[in-house]
Amino acid sequence: MASASGFPASFYGEPGVLGLLANGISAFLVLLQNFHGARTGIPAEGVENILAGVHLILIGGVCQLVAGLLSFRKYDHLSGTSFVGYAALWASYGATRIFLGANQQTPNPANESAMINSTFQDLFTNISINNTDLFIKESAIAGLVPYILLSFLLAFCSATVNYIMPFVFGAITLTLIFEAVGLVAGWGLVVSGILELLILLFAIYGSSALLIKGLAQRYVLKGFGNPLFNVLLLGTTNASSSQSLGQEKKKNTKYAEPMALGFFCDTVSAFIFAFYAFNYFPSVSVAAIWITINSAAQLLSSYYAYMRQDCYHATKFGLHCVFWLVKTWEEHVVSVALSRAEAGEVRHAMVGNWFFVSAALVFCIASLNKDTLELVHNSFFVLVTISTISQIPIERYYIFFGVTCSLFTLLSYYGTFARLINTIAEKLLIPVGPQPVSTESLQKYLSYLKRSKLDGPEDKGSQIPDALFYLTNGVAALSAIHSSQPGMVFSDLTVPWVLIPGAIIQAYVSRLQVQGGQRFGSVVPSFYVAIWATWTWFRFAGHRLQITTESANGFAAGAIAFLVINAFLILVAAYSNLVLLALTTIMEVIIVCFLLSTLGRLPYQLEVAMLAIFAIICLYGMLASLVNSIFSKTLIPVGPSLIKNKKKKESETTYPCFVTKSRETSGLLKIAKLLENNGVCGIPTDTVYALAASCKNPSAIEKIYSIKDRPAEKPICICISSVEQLVATKPPFSPLLWEFMRNVYPGGISCIVPKGDWLLKLGVGPAYDRVGTRDSIMIRVPDHTATAHLCEFTGPLAITSANPSGEADSTHHDMVINRLGHKIDGVLCDGESNELVASTVVNCLNIDEGTIGILREGCVPALKVRQIFERVKSNML
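Note that this is a predicted model, so its numbers are computed, not measured.

Conventions used here
- Note on numbering: residues in each chain are counted from 1, in written sequence order.
- With the structure being a predicted model, the display of local features is reserved for residues of pLDDT at least 70 and the display and counting of side-chain atom pairs for 80 or more, all residues being used for whole-chain, interface and lining totals.
- Note that the side-chain values use all heavy atoms of the structure and ignore hydrogens as well as water.
- Here a strand is any run of E in DSSP of at least two residues, a helix any run of H or I of at least four, and the numbering for each starts at the N terminus.
- Between buried and exposed lies partly exposed: a residue is buried under 20% and exposed over 50% of the maximum accessible area for its type, with that area taken using a 1.4 Å probe on protein chains only.
- The criterion used for residue contact is that any of the two residues' heavy atoms lie within 4.5 Å.
- Accessible surface area values rest on a Shrake-Rupley calculation with a 1.4 Å probe, where residue burial reflects the displayed protein chains alone.
- The predictor reports its confidence for every residue as pLDDT, a score running from 0 up to 100.
- Fitted lines through C-alpha atoms serve as axes, helices being fitted only where they are in contact, and the angles separating the N-to-C directions of these axes extend from 0 to 180 degrees.
- Roughly parallel here means an angle under 35 degrees, roughly antiparallel means over 145, roughly perpendicular means 65 to 115, and every remaining angle is called oblique.
- If you view the pair so one helix is near and one far, a crossing is left-handed when the near helix is turned anticlockwise from the far one by less than a right angle, and right-handed when it is turned clockwise.
- A pair of strands counts as paired when DSSP detects no fewer than two bridges linking them.
- Exposure above 30% relative accessible area and no salt bridge define the residues that can form patches, which grow by joining like charges within 9 Å and nonpolar side chains of Val, Leu, Ile, Met, Phe, Trp and Tyr within 5 Å.
- Salt bridges are identified by distance alone: a Lys or Arg side-chain nitrogen within 4 Å of an Asp or Glu carboxyl oxygen.
- Centres within 6.5 Å make a pair out of two Phe, Tyr or Trp rings, where for Trp the six-membered ring is used; the pair is then stacked when the planes are under 30 degrees apart, edge-to-face when over 60, and tilted otherwise.

Visitor: So what's going on with the overall build of the protein chain? Residues and values would help.
Guide: Scanning the protein chain for helices and strands turns up 30 helices and 12 strands. With 877 residues in all, the protein chain has 58% of them scored as buried. Long-range pairs, those at least 24 residues apart, make up 76% of the contacts in the protein chain with a sequence separation of at least 6. Working note: accessible area of the protein chain is about 34600 Å², and carbon and sulfur atoms make up 61% of it.

What follows is the structure, given as structure tokens:
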């Protein structure tokens, strides 16, 4: 949608509208059931519960998940974390109701009077399926309690942003409390029904305010734009700890930070497991639903860390997700098939958990240059993985596991609060501790192996998903080791250990490789998904599937196909590095063992040795990939490629247009001459690359529209070298506008100001009617030396992002050359851009009335722009 002045609105609308309405409608659905049960005395049952659960999943889960995903793309830390977290809550609660309705017995009409006299908490009374107690009530309470604590946290944090969301989240917190009470006392559901009505009312008002704000491009209804209290009151910035904390090399403001969501999910999973370990509910069947959905949300935090080019958190949250899922479904098998004592005897032969312990130790090493909170959190996760080692005696196993999960819950809860507040404020207000080891020292220690000169001359680090690839394969391989004649129970327990990391999560890794655009990058994980899925199917689930001799012959044929394909992957790995080559070679031997097992001739000792070697290679590959990707250089060697690609010399490369480096004065002058001669060139800015044309040449500006296929109604802004250029033209700006521009220029903010004859003095001249709209103009003053000098040579430039209309911004000069080089006259090359998104567009047309509008949130967060404006405005009073 365009604003009244013709400038495009923000990339995404207001996802808060969808998120708040999803919460309100979900609460309304539960309200109807609660009030109906309280009025009639007849609890919901059967189909009624199933339908309610489906609606909760679709509205509270799926719709709110969409709102959360859009919020992450809108760089909204709080809304992204809140909506995804609440989506997991409503989806879990809905799935529990479906589970309950599907397993309730149809009531006997003769007993209807007795049912009417029953209390409403019978909704979650324990039921029996195949003589196995499900403990639905206890599982639901264990799932609700961590969400109560986290919902309170979200309500508190949202008070630092606005004063509508605290009421919505606060009402949800109280509702969850009384929903939990209602599971043991019927009156609690009546109170929760009243609170759910408040959620609906607050949500309707909040969504209306955001919707009107999106349409009017300004706040009309009260509630947003001003917080209940300033987040800075929570603490003072620790300047010493804000430096060199191993943060991302380049600030990625295209996506919100997912760290708080990752800690959020750790809190929920660990809390539920603590309840289970202390035997509050002996069966994990229902709790498995809660943990699985919560783990899916944690996988989203891994995904958005990947989108931010953050290998550390992408791999960490992926590791935690795999761990919680594997343990959940292993315990589900224990709950369904055997007792804890029997499981303790069978587990002694399982060794897969040792890879989790090793991987957790790797993260302790990788987090030494992070803050203390990160290191302590990783250390406690090591304790959690140690507590689940299968060789621990069963009488101590669950006690140890429960204690470590309890401690990990407390630390994750604090981590959620610290990460959320610090990302909202963009300052370190909540203490997270100093950096244990400096980045330079850690690089020095980790690069010790590099002295072996095993690597080639290239020093580019590793691709982000590589560490997750090695992690998933390592867990699957080590878990696949078994005794020569495993029992049925052992096979049942091993299924989640191999299937979840090797097939399910590795499919996610394959998706990341595809998105990364790596050549052959997704082929290996995609193929290994098929191998581990088939391995699980035949070797561990075969007795359940009743595989016959004829079926085994089919698996033998498939194994032969696997051998052929993996031989091709060995060739591909020879172009990559020695670690991947060794991995694919060992996998070839493992597939041979699998083939022999289908023929009843399994070489047991060889298979165990190969799986163990495969897991060790994966552990080393994970460490190397993680460290090399974090530091964007090869500190831990992975070996050179055996087959070298023949590359053309750079001097022989031909480009479709003139190309020069930004640091060469002669090149800068050549680009200026091209612009003077009616040309269009790609230039770097302090944000993303832009297409530029001289304001002295209106026809060149017209060419930009055809080059980009840009709609004619979208105006183009002008770029100048400094604010002083504006001052010399003496535009009729108010003191408040002048002061605001001096505070935001130069930088990643574009200001829309009234048009006037002063533009002619600035040098816009013949392009007056080609830039901006009829009454307004957008001005950029990039914080970029080369661009500033270029504007001094040419005068004002008309610029717009250097990408085909509707496509992603160009963040490297190669992108400009490849996409638009055949249409433009030249490119000023400056390497990778400083930001991944364009500038933030601020409407200053009504600034004298005390308001500004954010038409597009870009590299500078809208909250920061408003803080600058409020500070300037208060200083002017």
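Visitor: Give a detailed account of the confidence of the model for the protein chain, specifying residues and quantitative values.
Guide: The predicted model of the protein chain has a mean per-residue pLDDT of 84, with 88% of residues at 70 or higher. Confidence drops under a pLDDT of 50 for residues 1-12, and excluding neighbours within four residues, the segment shows 36 contacts in the predicted structure. Per-residue pLDDT stays below 50 along residues 647-652; that stretch engages in 1 contact with residues further than four places along the chain or on separate chains.

Visitor: Could you give an account of the packing of helix α23 (residues 665-676) against helix α28 (residues 785-794), naming the residues involved and the relevant values?
Guide: In the contact formed by α23 and α28, the axes pass within 10 Å of each other and the chain directions differ by 45°. With respect to their mutual orientation, α23 and α28 come out oblique. α28 is crossed by α23, and the crossing has right-handed handedness. Contacts between α23 and α28 involve Leu 668, Leu 669, Ile 671, Ala 672, Leu 675 and Glu 676 from the first element and Ala 786, His 789, Leu 790, Phe 793 and Thr 794 from the second.

Visitor: So what's going on with α28? Which residues, and what values?
Guide: An α-helical segment advances 3.6 residues per turn. Residues three or four places apart therefore align on the same side. When we look at burial in α28, the residues that qualify are Ala 786, Thr 787, Ala 788, Leu 790, Cys 791 and Thr 794. In the core, the buried residues of α28 are packed alongside α23, β4 (681-683), β5 (690-694), β6 (717-719), β9 (797-801) and β10 (826-829). Backbone geometry just after α28 places Gly 795 at a positive phi near 85°.

Visitor: How would you explain the sheet that holds β10 if you had to name every residue and give the values?
Guide: Spatially, 10 strands are ordered β3-β10-β4-β5-β9-β6-β8-β7-β11-β12 in an open sheet, and the strand pairing comes out mixed. Strand pairing shows two members of the sheet lacking a second neighbour, β3 (658-661) and β12 (853-856), which therefore form its edges. Put simply, the sheet's adjacent strands are angled 35° from each other on average, direction ignored. Note: strand β11 (residues 840-843) against β12, 3 bridges, orientation antiparallel. Residue pairing across strands places Asn 843 opposite Gly 853, the latter belonging to β12. Lying on the sheet, helix α26 (residues 735-744) is in contact with β7 (749-754) and β11; it crosses β7 at an angle near 160°. Against the sheet, helix α29 (residues 813-820) contacts β3, β4, β5 and β10, and its axis sits at roughly 165° relative to β10.

Visitor: How would you explain a nonpolar patch on the surface if you had to name every residue and give the values?
Guide: Together, Leu 18, Val 54, Leu 58, Val 62 and Val 66 line one region of the surface with nonpolar side chains, adding up to about 360 Å² of accessible area. For the nonpolar patch, the leading source of residues is helix α2 (residues 47-73), giving 4 residues. Structurally, Leu 58 can be placed in helix α2. With relative accessibility at 46%, the residue Leu 58 sits in the partly exposed group.

Visitor: Help me get a handle on the environment of Val 334, residues and values and all.
Guide: Locating Val 334 in the fold gives a position in helix α10 (residues 311-337). For the pair Val 334 and Pro 282, spaced 52 residues apart in sequence, the C-alpha separation works out to 9.9 Å. Once you skip the residues sitting within four places of it in the chain, Val 334 turns out to touch Ser 339, Arg 340, Ala 343, Arg 347, Tyr 398 and Leu 493.

Visitor: Before we move on, could you go through α26 and cite the residues and values that matter?
Guide: Every buried residue of α26 is accounted for by Leu 736, Leu 737, Trp 738, Phe 740, Met 741 and Val 744. Taken together, the buried residues of α26 touch α25 (723-729), β7, β11 and α30 (862-876).

Visitor: Any details on unusual backbone geometry? Residues and values, ideally.
Guide: The step from Tyr 745 to Pro 746 runs through a cis peptide bond, and the omega angle for that step is -10°. Along the chain, Pro 746 falls in the loop between α26 and β7. The phi torsion at Asn 279 lies on the positive side, around 65°, for a residue other than glycine. Along the chain, the position of Asn 279 falls in the loop between α8 (259-277) and α9 (287-307).

Visitor: Mind laying out the packing of aromatic side chains, listing which residues take part and the relevant values?
Guide: Counted by the stated rule, this structure contains 37 aromatic pairs. Taking the centre distance of 5.7 Å and the plane angle of 55° together, the rings of Phe 356 and Trp 497 count as tilted. Of this pair, Phe 356 sits in helix α12 (residues 353-366) while Trp 497 sits in helix α17 (residues 488-516), and the two are 141 residues apart along the sequence. Pair check on accessibility: Phe 356 and Trp 497 agree, each one buried. Where Tyr 397 meets Tyr 398, the ring centres are 4.9 Å apart and the plane angle is 75°; that geometry is what we call edge-to-face. Here Tyr 397 falls in the buried class, since its relative accessible area comes to 1%. An aromatic cluster is present here, built from Phe 273, Phe 323, Trp 324, Phe 356, Phe 381, Phe 401, Phe 408 and Trp 497 joined pairwise through their rings.

Visitor: With reference to specific residues and values, describe the environment of Val 842.
Guide: Counting through the fold element by element, Val 842 comes out in strand β11. In this structure, the C-alpha to C-alpha distance between Val 842 and Glu 857, residues 15 residues apart in sequence, is 8.6 Å. Apart from the residues lying within four places of it in its own chain, the contact partners of Val 842 are Phe 740, Ile 749, Ser 750, Cys 751, Ile 752, Ile 852, Gly 853, Ile 854 and Val 865.

Visitor: Quick one: what's the story with the pattern of salt bridges, residue by residue and with numbers?
Guide: Following the criterion strictly, the structure yields 14 salt bridges and no others. A salt bridge links Arg 347 to Glu 330; the nearest nitrogen and oxygen atoms lie 3.0 Å apart. In this pair, Arg 347 sits in helix α11 (residues 340-347) while Glu 330 sits in helix α10, placing the two residues 17 residues apart along the sequence. Neither Arg 347 nor Glu 330 differs from the other in exposure class; each is buried. Among the ionic pairs, Asp 775 bridges to Arg 774, the shortest N-O distance being 3.7 Å. Where salt bridges share partners, they join Lys 316, Asp 371, Glu 374 and Arg 419 into one cluster.

Visitor: How would you sum up the pairing of β5? Please name residues and give values.
Guide: Both faces of the sheet carry side chains from a regular strand, because those side chains alternate between them. Within β5, 5 of the 5 residues are buried, which leaves it mostly tucked inside the rest of the structure. Across the two faces of β5 the burial is the same, with Ala 690, Ala 692 and Ser 694 and Leu 691 and Ala 693 all buried. Across 3 bridges, the pairing between β4 and β5 is antiparallel. The residue of β5 that forms the bridge with Cys 681 is Ala 692. Count of turn residues in the β4/β5 antiparallel hairpin: 6 residues.

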